[in-house]
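For reference, the chains in residue letters:
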Amino acid sequence: MEQTLDVRGLRCPLPVLKANKALRGMPPGAELTVLATDPAAEADFPAFASETGHALLSATREGDDFRFVLRRRADG
């Protein structure tokens, strides 16, 4: 299962909070792509993944747009 979450235009901490809520509603191993524009997201998403155990599969930037791909942790 793959899902995309568009949080462009939202500021910290909303992108991470909305991603966390989306991941909680997904089955283990599912992937969530997050689209963000908040400059803080560049540091926030790696920290979020590290703290929660979700895998940050990729983090890319094009101009002011960030794209993060996370995999929901297997243990729920």
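Here, the structure is the one placed above.
Residues numbered from 1 in each chain as written. Predicted model: local features only at pLDDT ≥ 70, side-chain atom pairs only at ≥ 80, totals over all residues. Heavy atoms only, no water.

K.L.:
Whenever I open this one, the overall build of the protein confuses me. Can you help?
P.N.:
Across its full length, the protein carries two helices and four strands. Each helix and strand of the protein, placed in order from N terminus to C terminus, yields the pattern β-α-β-α-β-β. Relative to the 2.2 N^0.38 estimate, which gives 11 Å for 76 residues, the radius of gyration of the protein is 11 Å and therefore close to what a compact globule would have. Each of the three principal axes of the protein carries a C-alpha extent, and together these read 35 × 20 × 20 Å. (Helix = DSSP H or I, 4+ residues; strand = E, 2+ residues; numbered from the N terminus. Rg over C-alpha atoms; globule rule 2.2 N^0.38 Å.)

K.L.:
Any chance you could explain the packing of aromatic side chains here in plain terms?
P.N.:
For any pair of aromatic rings, the description consists of the separation of the ring centres together with the inter-plane angle of the planes. Considering all chains together, one arrives at three aromatic pairs under this definition. Their ring planes at 20 degrees and their centres at 4.6 Å tell us that Phe45 and Phe68 sit as a pair that is stacked. Here Phe68 lies in strand 4 (residues 65-71) and Phe45 lies in helix 2 (residues 41-52), a separation of 23 residues in the sequence. For the pair shown, Phe45 and Phe68 are each scored as buried. Plain terms: the ring middles of Phe66 and Phe68 are 6.0 Å apart, the flat faces sit at 15 degrees to each other, and that makes the pair stacked. We classify Phe66 as buried; its relative accessible area is 4%. What makes Phe68 buried here is its relative accessible area of 2%. An aromatic cluster is built from Phe45, Phe48, Phe66 and Phe68, whose rings are joined through pairwise contacts. (Phe/Tyr/Trp six-rings, centres within 6.5 Å; stacked < 30°, edge-to-face > 60°. Buried < 20%, exposed > 50% of the residue type's maximum accessible area, 1.4 Å probe, protein only.)

K.L.:
How do you make sense of the pairing of strand 2 (residues 31-36) when you look at a structure like this?
P.N.:
Remark: a regular strand shows side chains that alternate across the two faces of the sheet. Among the six residues that make up strand 2, five are buried, leaving the element largely enclosed by the rest of the structure. Bridging between strand 1 (residues 2-6) and strand 2 involves five bridges; their strand directions are parallel. Bridging across to strand 2, Asp6 finds its partner in Leu35. Since strand 1 and strand 2 lie parallel, the crossover through helix 1 (residues 14-24) that links them has a hand, and here it is right-handed. Where strand 2 lies against strand 4, six bridges are found, and the strand directions are antiparallel. For Ala36, the partnering residue across the bridge sits in strand 4 and is Phe66. (Pairing = 2+ DSSP bridges. Right-handed = clockwise from strand over helix to strand, strands pointing away.)

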